[in-house]
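# Tertiary structure, described
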Amino acid sequence: MYRALTRDIEVLVEPYYLEEQSDPDDSRYVWGYRIVISNRSGKPVRLTHRYWHITDQNGQVDEVSGPGVVGEQPRLNPGDTYEYSSGCPLDTPSGMMYGTYRMETDDGEAFDVEIPAFSLDSPGMVRTLN
């Protein structure tokens, strides 16, 4: 489990390899990840946007941004948690992801919350040194 805390908003990430959706013979590797966002602050916040920075093991970078997460812009009151799952395909057997969520308070203040960097590694991956 990976964890980050920004302005009393906690983000936990648990990545997992999706073997049934992956096809290494076709250079397709798929991971799922579960995110838990907890509002430990004293103010309600709404998650309005997401940004992801995804890097495969060859250094190829893909950046993804857009409104909300999984089609929602959840509002978290103090003490609330929000959980969702999503996925990421890569052409290589490993990579990493990190990003930010844009949060907005009821009075219109916007700020970014860190999504911790986490690794995407295929189980049983054998690394060869040349």
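What comes next concerns the included structure. Nothing here was measured: the structure is a model prediction, and the numbers come from that model.

## Here we look at unusual backbone geometry
- Here the phi dihedral of serine 27 falls at roughly 55°; this positive angle occurs in a residue that is not glycine.
- As for its position among the elements, serine 27 is in the loop between β2 (9-17) and β3 (29-39).
- Here serine 27 falls in the partly exposed class, since its relative accessible area comes to 37%.
- Despite not being glycine, valine 70 has its phi angle at roughly 40°, a positive value.
- For valine 70, the position within the fold is in the loop between β5 (61-67) and β6 (75-76).
- Its relative accessible area of 46% is what places valine 70 among the partly exposed residues.

## Some points on the nonpolar core
- Ile35, Ile37, Trp52, Tyr101 and Met103 are the most contacted members of the largest nonpolar core, which totals 27 residues.
- Of all the elements in the fold, those that place two or more residues in this core are β2, β3, β4 (45-56), β7 (81-90), β8 (94-105) and β9 (110-121).
- Beyond its immediate stretch of four places on either side in the chain, isoleucine 35 contacts Val11, Leu12, Val13, Trp52, Tyr82, Glu83, Tyr84 and Tyr101.

## Focus on the sheet that holds strand β1 (residues 2-6)
- Reading across from one edge, β1-β2-β3-β7 is the order of the four strands in this open sheet, with antiparallel pairing throughout. Two strands bound the open sheet, and with one partner strand each, they are β1 and β7. Here the average twist between neighbouring strands, direction ignored, is 20°.
- Two elements, β1 and β2, share five bridges in a ladder whose sense is antiparallel. Bridging from a neighbouring strand, arginine 3 pairs with leucine 12 of β2.

Definitions and limits used
- Residues numbered from 1 in each chain as written.
- Predicted model: local features only at pLDDT ≥ 70, side-chain atom pairs only at ≥ 80, totals over all residues.
- Heavy atoms only, no water.
- Helix = DSSP H or I, 4+ residues; strand = E, 2+ residues; numbered from the N terminus.
- Buried < 20%, exposed > 50% of the residue type's maximum accessible area, 1.4 Å probe, protein only.
- Core = buried A, V, L, I, M, F, W, Y, C linked by side-chain atoms within 4.5 Å.
- Contact = heavy atoms within 4.5 Å.
- Pairing = 2+ DSSP bridges.
- Axes fitted to C-alpha atoms, helices over the stretch in contact; angles between N-to-C directions.

Structural measurements only, silent on function.
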